[in-house]
Each structure stands twice: as C-alpha cells, then as structure tokens.
Amino acid sequence: MTKKSKKTHKYCGKKLKSMKFPNFSGQHLMSNKKLLNEIIERANINSSDIVLELGAGKGALTSLLANSAGKVLAVEYDLKFVEILKKKTAQNINTQIIHKDIMKVFLPNEHFVVVSNIPYSITTPIMKMLLNNPSSGFQKGVIVMEKGAAKRFTSKSVKDSYVLAWRMWFDIHYIKDISRNNFSPPPKVDSAMVLITRRKEPIVQKKYYLAFLGLAQYALKQSNAPLDIALRGIFTLPQLKHIKKSLGISNGTPIGSLTNTQWGIVFNTMINYVQRPLWPKVKKK
C-alpha cells in the first residue's frame, strides 16, 4: 500500500448529546491471533477505507488494521494504553492515536468503517452513536460486544424502538459466539462478533427517520400486543384490516414479530394514508 502523509483528521460537528455514560477503564483485551485475523477478514478493508477503532487497548487490532486501511483512527482513553499504542504504531504513518473518551469522539465526516472490541458498559450508547443518524458517514462495521447485547440487537423479534429504526437503514448480523477465554482479563460473560452493513436500498428514506422512530416508539410500547391494539390510535379499523391483508398476518400476530419489510409496509401506509398531525411524535427519554 502506498504510504500516506500523516494528517490531523477532521471530525464532524456533532457529538453524542448524552455524556452521562462513564467510560469503561477495565477493558478486556483480545490476544487470540486467529480471532483477530478473522475480524479483519470479516471487515474486508481496503486502502481507501477510513477505519475507526473504539477502545484500541494495546493495539492488537490496530496494528493489523494499519496494514490494510487507508487511515486508522484509534481511540483509547487509558493513558497507559495510549503510550503503548503510540510506540507500537510509530512507523504507521496512516494511524492516528486519539486519547479521548469514546463517548466524546467526533465521527468522521467522510465514509468510514468501524472495527472494534468495545467496552461492555457502554455498548448501547456506542451503537446509538453509530446508528441513530442514518445520514452519517458510517458504512459498515465488525464489532465485538457483550453476547447479551448482540442477541438483543439481532433478534428476529424486536422490543426496542431504536433497534427497529436501525434496521431500516442497516443490516445487523450475529456472526459468532466468542468465549470469554479469548480475553485478558477474562470477563464474566461471553462476547459475540456482530457485522453491520448499510443497506444499499433503505427500507425507509433517511428524511423520515424521526417519523419512523415515532411510529416504532408508539407501536412497541407493548411489543407482544397484537397489531390491531398496538397501532390503534394511528390507523382506522379499515386501514388496519388493509394492513393485515398486505402483511399476510393473522389477528393475533404480535407487533414485535413483524419483519423489517413488513415494518416498511406499515410505515408507508401511515405516510400515504394518515394525516401528518396524527403521526406519533418521538418521545425523548
């Protein structure tokens, strides 16, 4: 790969608004070379990619990323690890070490990829930072996270409105379990590898992000409730009958069991046949 001059990377002007989540200092570091190489292979990085690594630790992934990516932005909060990273990557002119709290990092303006072993305690905030804005430059990612969170983000049934919203713009796949024995020190629970890719054709247009999130929040207040109950107040009875026919579902089908495509049908019915003042508004939590 042609070496590139080292520049200070430009970040976009938006940070994650909520800073109340503590950064996780007791990071569990990966050392299994076979696993590290599999992560790199899954990410399918090339020399034109900007790669953001959140929680770089001692640089086991960072060094491998530097061999493939056009630019690596390695974020680490622990000063001891930062010094190790700087020494380890001193010869990698395409690598920038960022000593900062993960939750205070600015995301790149350009298209970027995320390859990371993220801290358990801020898994959901990190995912929200990456996925809550479908207009961001985030394109794909291979992320190692706590197994329970990975299961929740990729489950066929969905309970969280923000997870459902992510799925309108991104495919989120559970790749494999990762034993706690692959980390030092070993955590109390196992991890998992998750692959995220931006949809070439989104199910919902970006401009409708807030409108869809409002629908998702309203509908998933009781994720096990039948569609008729979950969506009453938005749609008329004839409209609900039409929706069920379009979806090919029975009367008792839980709203949380709808597929991504079916949610797209529900949303399109709302924007086409329901007056805008009746669309559910997003509730800030």
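Look a little higher up for the structure.
This is a predicted model, so every value here is computed, not measured. (Residues numbered from 1 in each chain as written. Predicted model: local features only at pLDDT ≥ 70, side-chain atom pairs only at ≥ 80, totals over all residues. Heavy atoms only, no water.)

**Q** Hey, could you run me through the overall build of the protein in this one?
**A** A tally of regular secondary structure across the protein gives 10 helices and 9 strands. Relative to a compact globule of 285 residues, whose C-alpha radius of gyration would be 19 Å, the protein shows 21 Å and is just as compact. For the protein, the spread of C-alpha atoms along the principal axes amounts to about 65 × 35 × 35 Å. Here the protein displays about 14,600 Å² of accessible surface, and carbon together with sulfur accounts for 52% of that area. The centroid of the 46 positive side-chain charges in the protein is displaced by 7 Å from the centroid of its 16 negative side-chain charges. (Helix = DSSP H or I, 4+ residues; strand = E, 2+ residues; numbered from the N terminus. Rg over C-alpha atoms; globule rule 2.2 N^0.38 Å. Areas by Shrake-Rupley, 256 points an atom, 1.4 Å probe, with all protein chains shown as cover. Lys, Arg positive; Asp, Glu negative; His and termini not counted. Charge placed at Lys NZ, Arg CZ, Asp CG, Glu CD.)

**Q** Just to check I follow, could you spell out the packing of helix H7 (residues 209-219) against helix H10 (residues 260-273) for this structure?
**A** Axes are the key here: two packed helices are described by the angle between their axes and the distance separating the axes. Closest axis-to-axis distance for the H7/H10 pair is 11 Å, and the angle between their directions is 110°. When the interaxial angle is binned, H7 and H10 end up roughly perpendicular. Judged by the twist between their axes, the crossing of H7 over H10 is right-handed. Of the residues in H10, those touching H7 at Ala 211, Phe 212, Leu 215 and Ala 219 are Trp 263, Val 266, Phe 267 and Met 270. Of the residues contributing to the contact of H7 with H10, the split by class is 8 nonpolar, no polar and no charged. (Axes fitted to C-alpha atoms, helices over the stretch in contact; angles between N-to-C directions. Parallel < 35°, antiparallel > 145°, perpendicular 65-115°, else oblique. Left-handed = near helix turned anticlockwise from the far one by under 90°. Contact = heavy atoms within 4.5 Å. Nonpolar A, V, L, I, M, F, W, Y, C, P; charged D, E, K, R; others polar.)

**Q** I would appreciate a short explanation of the packing of aromatic side chains in the present structure.
**A** To describe a pair of aromatic rings, you give the distance between the ring centres and the angle between the ring planes. Within this structure, the stated rule accounts for 9 aromatic pairs. With a centroid separation of 5.7 Å and 45° between ring planes, the pair formed by Phe 112 and Phe 138 is classed as tilted. Remark: Phe 138 occurs in strand S6 (residues 138-146) and Phe 112 occurs in strand S5 (residues 112-117); sequence separation between them is 26 residues. With respect to burial, Phe 112 and Phe 138 carry one shared label: buried. Aromatic pair Tyr 208 and Phe 267: ring centres 5.6 Å apart, planes at 65°, arrangement edge-to-face. Here the residue Tyr 208 occupies a position in the loop between strand S9 (191-198) and H7, and Phe 267 occupies one in helix H10, the gap between them amounting to 59 residues. Across the pair, Phe 267 and Tyr 208 agree in class, each one buried. Grouped by ring-pair contacts, the aromatic residues Trp 169, Tyr 208, Tyr 209, Phe 212, Trp 263 and Phe 267 constitute a single cluster. The side chain of Lys 151 reaches across the aromatic face of Tyr 174, ending 4.4 Å from its centre. Stacked on the ring of Tyr 218, the Lys or Arg Lys 221 has its end atom at 4.3 Å from the ring centre. (Phe/Tyr/Trp six-rings, centres within 6.5 Å; stacked < 30°, edge-to-face > 60°. Buried < 20%, exposed > 50% of the residue type's maximum accessible area, 1.4 Å probe, protein only. Lys NZ or Arg CZ within 6 Å of the ring centre and 35° of its normal.)

**Q** What is the right way to read the sheet that holds S9 from this model?
**A** Whenever strands of a sheet pair, they do so through backbone hydrogen bonds, lying parallel or antiparallel. Spatial ordering of the open sheet is given by S4-S3-S2-S5-S6-S9-S7, a layout of 7 strands whose pairing is mixed. In this open sheet, the two strands that pair with only one neighbour each are strand S4 (95-99) and strand S7 (170-178). Between one strand axis and the next, the sheet turns by 15° as a mean value, whatever way the strands run. Helix H3 (residues 79-88) contacts strand S3 (71-76) and S4 of the sheet and is inclined by roughly 165° relative to S4. (Pairing = 2+ DSSP bridges.)

**Q** Help me understand the pairing of strand S2 (residues 50-54), please; the structure alone is not making it clear to me.
**A** Burial runs high along S2: 5 of the 5 residues are buried. Alternating residues of S2 divide into Ile 50, Leu 52 and Leu 54 and Val 51 and Glu 53, and every residue in both groups is buried. Pairing of S2 with S3, which is carried by 5 bridges, proceeds in the parallel orientation. Within S3, the position partnered with Leu 54 by the bridge is Val 75. Once the chain exits S2 it traverses helix H2 (residues 60-66) before rejoining the sheet at S3, and the crossover so formed is right-handed. (Right-handed = clockwise from strand over helix to strand, strands pointing away.)

**Q** Quick question: what am I supposed to make of the nonpolar core here?
**A** The nonpolar side chains of soluble globular proteins are, as a tendency, buried together. Residues Leu 231 and Trp 263 are the most contacted members of the largest nonpolar core, which totals 67 residues. Considering each element in turn, this core owes the most residues, 7 residues, to H7. Those residues in contact with Leu 231 that sit more than four places away from it in its chain are Leu 215, Tyr 218, Ala 219, Leu 240, Ile 255 and Val 266. Of all hydrophobic cores here, the second largest spans 20 residues; its members include Val 51, Leu 61, Leu 65 and Met 193. (Core = buried A, V, L, I, M, F, W, Y, C linked by side-chain atoms within 4.5 Å.)

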